[in-house]
Amino acid sequence: MSVLCAHRGASGNFPENTMSAFNGARSVGVKWIETDISLTSDNQLIIFHDNKLGRTARGEKKISNLEFQDLKNLDIGIWKGKEFKGERIVSLNQLLLWQEKHKISINYEIKFQGLDKVRVTSLIAQEIKSADPNKIIISSFSEDILKQSIHNLPNFEHALIAERLPGSWKKKSMELNIQAWHLNAKNITKKMINDIQSVGLKVRVYTVNDKTIFEKMTVWGVDMIMSDYPESFYIG
Ligand code: G3P
Ligand code: MG
């Protein structure tokens with residue numbers, strides 16, 4: 001059975017990566033949430049997907065050029081609907097506390113745009129090291145970030161994210177010492193899933209909002225399916 005994971009929280013019906021999206025996912029009953037970690041210029045780890053403002057919050061500056069105090073009062077809910085007015089950016093620390101309180105598992109994707117990999121991964125390690133390794137996955141599109149994170153947090157599961165499985169996936173998996181691949185469901189085949197699982201690694205896919213694709217992924221036996229609409233797919 002594939003595990004259902006709420007992508008950026010229940011981000012189809014709530015503003016992504018906000019407490020309302022995380023609580024929305026929790027109220028559905030899902031056990032896993034995917035979310036994105038970014039870093040401000042004053043070394044604060046925040047939950048935010050884009051590398052700059054503009055889509056979910058007013059402004060146009062890059063996150064890495066802003067301090068937390070520039071960001072903490074921004075409204076990141078109203079773009080999704082008036083009823084979400086006043087949603088604020090969540091810090092990693094705040095989300096870790098919420099996660100522990102509600103016993104939810106989280107797949108933390110480390111965003112890497114322009115970040116110093118040593119700095120971002122050591123800050124993340126300081127915050128995550130006392131959390132339960134069974135309830136956390138660390139993932140990234142960046143091999144450098146993952147390498148550094150695996151060094152800092154060897155007891156936590158790590159996964160490389162890729163739009164497409166590279167031909168050298170087996171060698172890369174061994175070199176990096178990852179436990180899973182997170183792949184775009186659009187570019188995956190049953191054979192890829194079987195091959196990856198046959199060497200003891202897990203396969204998780206993003207972002208599946210279509211019922212037919214969801215069913216295909218389940219039949220093909222992926223380990224986890226990330227969806228913006230956990231409400232549509234949760235079966236208990
Ligand atoms: O973690 C998988 C998925 O979230 C990667 O893409 O852009 O939605 O963060 P993105
Ligand atoms: Mg993500």
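This text follows the structure it describes.
Heads up: these notes are all about the structure in this document. (Residues numbered from 1 in each chain as written. Chains lettered and ligands numbered in written order. Predicted model: local features only at pLDDT ≥ 70, side-chain atom pairs only at ≥ 80, totals over all residues. Heavy atoms only, no water.)

Considerations on the site of ligand 1
In the vicinity of ligand 1, the contacting residues are His-7, Arg-8, Glu-34, Asp-36, His-49, Glu-109, Lys-111, Phe-141, Ile-161, Tyr-206 and Met-226. Contacts to ligand 1 include Glu-34, whose side-chain N or O atom sits 2.7 Å from an oxygen atom. A distance of 2.7 Å is found between an oxygen atom of ligand 1 and a side-chain nitrogen or oxygen belonging to Glu-109. Notes on ligand 1: free accessible area 290 Å², of which the protein chains cover 89%. (Near = heavy atom within 4 Å. Polar contact = N/O pair within 3.5 Å; in protein donor to acceptor, adjacent residues only side chain to side chain. Areas by Shrake-Rupley, 256 points an atom, 1.4 Å probe, with all protein chains shown as cover.)

Topic: the pairing of strand β9 (residues 202–206)
Extensive coverage of β9 is indicated by the burial of four of its five residues. Sheet topology places strand β8 (residues 180–184) next to β9; five bridges connect them, and they run parallel. Paired with Ala-180 across the bridge in β9 is Lys-202. A crossover links β8 with its parallel partner β9, the connecting element being helix α7 (residues 190–198), and its sense is right-handed. Where β9 lies against strand β10 (residues 224–227), two bridges are found, and the strand directions are parallel. Following the sheet pairing, Val-205 is matched in β10 by Ile-225. As a crossover connection, the stretch from β9 through helix α8 (residues 211–220) into β10 is right-handed. (Buried < 20%, exposed > 50% of the residue type's maximum accessible area, 1.4 Å probe, protein only. Helix = DSSP H or I, 4+ residues; strand = E, 2+ residues; numbered from the N terminus. Pairing = 2+ DSSP bridges. Right-handed = clockwise from strand over helix to strand, strands pointing away.)

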